[in-house]
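Structure assessment
As a plain string of letters, each chain reads:
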Amino acid sequence: DRIILIDTADYRLARRFIPEEKLTLIFHGIDPIPFLPRSDARAFFSERIGPITADTLLLGANAELTKNKGLDYLIDAIGQIKLKAKDLRLKTIVMGEGEERQHLQEKIHQCGLGDTIFLIGFVPDARKYLRALDLFVLPSIKEGLPYALIEAAAAGLPIVASRVGGIPDIIQNEKSGLIVPPRDPTALAEAMQKLLTDRMHATRLGSMARDAAFRSFRIDAMIANTLSLYGAHF
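Residues numbered from 1 in each chain as written. Predicted model: local features only at pLDDT ≥ 70, side-chain atom pairs only at ≥ 80, totals over all residues. Heavy atoms only, no water.

Moving on, we get to the packing of helix 3 (residues 71–84) against helix 4 (residues 101–110). Interaxial distance between helix 3 and helix 4 falls to 10 Å at its minimum, and their mutual angle equals 10°. Taken together, the axis directions place helix 3 and helix 4 in an arrangement best described as roughly parallel. Of the residues in helix 4, those touching helix 3 at Leu-71, Asp-72, Ile-75 and Asp-76 are His-103, Leu-104, Lys-107 and Ile-108. Residue composition of the contact of helix 3 with helix 4, by class: four nonpolar, one polar and three charged. (Axes fitted to C-alpha atoms, helices over the stretch in contact; angles between N-to-C directions. Helix = DSSP H or I, 4+ residues; strand = E, 2+ residues; numbered from the N terminus. Parallel < 35°, antiparallel > 145°, perpendicular 65-115°, else oblique. Contact = heavy atoms within 4.5 Å. Nonpolar A, V, L, I, M, F, W, Y, C, P; charged D, E, K, R; others polar.)

Next up, the structure:
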């Protein structure tokens, strides 16, 4: 009788063929996250990828290793940054597992990025390590309303993500992060390099992302809105 949509893009699409009175938009919500201090979180990653120095810029993605996450484009973008900004000390961590592991690992090797991009596999409760990062990246080609991105915003991280699915519900371009077209490694590289080299701008966007996350994606609001819908219906 009623359909809950979790992002604006799907809500707008559903209105084309489902009566609007049957549709309700309710965003995901998250509860408070026990983030580890930055030093402890970086020590955790250092145990998995080797030394992380004070001047290392640590990029990260928490994503399954599937085609939908667009990690091929992230590898290409990192390669472009390495060519253009040789003075940046970069390391990129991808937390997650999936059927694309072998393909992605081979591409990393072929691009000569084995000392820069690390696929560290599934990390239990990965969100608590987010404050180790200097930049969070989600280059997806298909999404709903990704919890990983909401959690990165709640951590106050600068974010670069692609304009697909519900990502624009979480990140407003140049207000709480940077949004780029999907499948565009050059645009992705330019956005990442912009935030890696302009740390004041990056910090400002991260702060706005954190405020937006706590304002719009609270677990209590999600529960209340869902219960209200069921109560009104029955």
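Looking now at the sheet that holds strand 7 (residues 159–162). Strand pairs in the sheet, formed through backbone hydrogen bonds, run parallel or antiparallel to each other. Pairing is parallel in the open sheet, where six strands are placed in the order 5-4-3-6-7-8. At either end of the open sheet lies a strand with only one pairing partner, and these are strand 5 (117–121) and strand 8 (178–180). Taking each pair of neighbouring strands and ignoring which way they run, the sheet shows an average axis angle of 20°. (Pairing = 2+ DSSP bridges.)

We now examine the layout of surface pockets. By volume, the largest pocket amounts to about 300 Å³. Lining the largest pocket are 19 residues, with Asn-62, Ala-63, Glu-64, Met-95 and Ala-148 sitting closest to its centre. Of all the elements, helix 5 (residues 147–154) adds the most residues to the lining of the largest pocket, at three residues. (1 Å grid on protein atoms, 1.4 Å probe; cavity = no way out; pocket = protein on both sides within 12 Å on 5 of 7 lines; lining within 4 Å. Points joined across faces, edges and corners; volume = space filled by probe spheres on them.)

Its twelve residues give helix 2 (residues 38–49) an end-to-end C-alpha distance of 16 Å, which sits within 8% of 16 Å, the value for a rise of 1.5 Å per residue. Buried within helix 2 are the following residues: Ala-41, Arg-42, Phe-44, Phe-45 and Ile-49. All buried residues of helix 2 fall inside an arc of 150° around its axis, so they share one side. Away from its buried face by more than 90 degrees, helix 2 exposes Ser-39 and Glu-47. Looking at the buried side of helix 2, the elements it contacts are strand 3 (57–62), strand 4 (90–95) and strand 5. Two residues or fewer past helix 2, Gly-50 is found with a positive phi of approximately 100°. (Expected span 1.5 Å × (residues − 1). Buried < 20%, exposed > 50% of the residue type's maximum accessible area, 1.4 Å probe, protein only. Arc of directions from axis to C-beta.)

Under the definition given, this model contains 15 salt bridges. A salt bridge links Lys-107 to Asp-76; the shortest N-O distance between them is 3.1 Å. Highlighted residues: Lys-107 in helix 4 and Asp-76 in helix 3, separated in sequence by 31 residues. For Arg-218, the salt bridge goes to Asp-220, with nearest N and O atoms at 3.0 Å. (Salt bridge = Lys/Arg side-chain N within 4 Å of Asp/Glu carboxyl O.)

In short, shape yes, function no, at least from these values alone.
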